[in-house]
Amino acid sequence: MYGFLRSLFLFRESTFKASLTHYTTRSGVCPESCACPRSVQRNVDGENLTDGDVVICADEKTAIKARSRHRSPPEPGTPLHVKHEYDRHGGCTYQATLIVGTGEVYGQCVTRNTRANFERLVEDVMNHPLCSMADRVFWILDNGTAHHPNTFTGWLKKQYDNVEGVHLPKGASWLNQIELYFSVLTRKTLTGGSFESIVELMHQIAGFEVLWNAVPEPFE
């Protein structure tokens, strides 16, 4: 009887320890789904890009929250302390474009990520002298609803004769260089920030864009 109970205890102990074991996982995108289309590389449909061509990477950063955080002001020798608690004041979406050749960023903060808002951004960017004088302008996009290939590409061709819309494969939005700028924006001005309203959050994002464009550098 004692031997049976001891065996049962050891079995339960080993099962409990196994449930606490830290397992490692590996995730990624299958090679066939992230193959970069030829149009995103240095040629478009077999034609090399020229100095007269402009490439624009565009996307949106959604669900940016305006949160006011409780802080303890810094003192000599003591860093700023940001408490975990915060109050919510709504959120916004940052629709933005990156001119690949110059590194310039042009965007807008909106309360709704709609196609109409994104088309307004396209019109503003296409008025840029670099785009208006370009031989061809290529817009690199993912398959988001604000610029879905089923609707956005046709609108783009009707509005501009020198524009081509290039949509990345599903699950490959990370290939879009505007995501690099979003990462810098998040680390430099959003993470740990405290915003009392959506307006204050929008001003912070717009202000960072101005500072970025003062000394823009293309991503390599």
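Residues numbered from 1 in each chain as written. Predicted model: local features only at pLDDT ≥ 70, side-chain atom pairs only at ≥ 80, totals over all residues. Heavy atoms only, no water.

Peer 1: Before we move on, could you go through the overall build of the protein and cite the residues and values that matter?
Peer 2: When its secondary structure is counted, the protein shows six helices and seven strands. Listed N to C, the secondary structure of the protein is α-β-β-β-β-β-α-α-β-α-β-α-α in terms of helices and strands. Looking at the 220 residues of the protein, the share that counts as buried comes to 33%. Counting only carbon and sulfur atoms, one obtains 54% of the accessible surface of the protein, whose full area is about 13900 Å². (Helix = DSSP H or I, 4+ residues; strand = E, 2+ residues; numbered from the N terminus. Buried < 20%, exposed > 50% of the residue type's maximum accessible area, 1.4 Å probe, protein only. Areas by Shrake-Rupley, 256 points an atom, 1.4 Å probe, with all protein chains shown as cover.)

Peer 1: Mind laying out the nonpolar core, listing which residues take part and the relevant values?
Peer 2: In this structure, Tyr94, Tyr181, Leu201 and Ile205 are the most contacted members of the largest nonpolar core, which totals 25 residues. Broken down by secondary-structure element, the contributors of at least two residues to this core are β3 (53-72), β4 (81-99), β6 (136-141), α5 (178-190) and α6 (198-214). Here this core gets six residues from one element, more than from any other, and that element is α5. Those residues within four positions of isoleucine 205 in sequence are excluded, and the remaining contacts are Ile64, Cys92, Tyr94, Cys109, Leu185 and Leu190. Residues Ala58, Met126, Leu141 and Val163 belong to the second largest nonpolar core, which totals 20 residues. (Core = buried A, V, L, I, M, F, W, Y, C linked by side-chain atoms within 4.5 Å. Contact = heavy atoms within 4.5 Å.)

Peer 1: Explain the layout of surface pockets to me, using residue names and the numbers behind them.
Peer 2: Approximately 170 Å³ is the volume attributed to the second largest pocket. Ile64, Lys65, Arg67, Leu190 and Thr191 are the residues nearest the centre of the second largest pocket, which is lined by 13 residues in total. Mapped by element, the contributors of at least two residues to the lining of the second largest pocket are β3 and α5. In terms of residue count, β3 provides more of the lining of the second largest pocket than any other element does, seven residues in total. Broken down by class, the residue content of the lining of the second largest pocket amounts to five nonpolar, four polar and four charged. (1 Å grid on protein atoms, 1.4 Å probe; cavity = no way out; pocket = protein on both sides within 12 Å on 5 of 7 lines; lining within 4 Å. Points joined across faces, edges and corners; volume = space filled by probe spheres on them. Nonpolar A, V, L, I, M, F, W, Y, C, P; charged D, E, K, R; others polar.)

Peer 1: Provide a residue-level description of α6, including the pertinent values.
Peer 2: An ideal rise of 1.5 Å per residue puts 24 Å on 17 residues; α6 measures up with 25 Å between its terminal C-alpha atoms. Looking only at α6, the buried set comprises Leu201, Met202, Ile205, Phe208, Glu209 and Trp212. For α6, the angular spread of the buried residues around the axis is 125°, confining them to a single face. Along α6, exposed side chains directed more than 90 degrees from the buried face belong to His203, Val210, Leu211 and Ala214. (Expected span 1.5 Å × (residues − 1). Arc of directions from axis to C-beta.)

Peer 1: How would you summarise the packing of helix α2 (residues 115-126) against helix α4 (residues 152-159) if you had to cite specific residues and measurements?
Peer 2: Following both chains from N to C, one finds α2 and α4 inclined at 35°, their axes separated by 12 Å at the closest point. For α2 against α4, the interelement crossing comes out right-handed. Of the residues in α4, those in contact with Arg115, Phe118, Glu119, Val122 and Glu123 of α2 are Phe152, Trp155 and Leu156. Counted by class, the contact of α2 with α4 contains five nonpolar, no polar and three charged residues. (Axes fitted to C-alpha atoms, helices over the stretch in contact; angles between N-to-C directions. Left-handed = near helix turned anticlockwise from the far one by under 90°.)

Remember, this is a structural readout, not a statement about activity or role.
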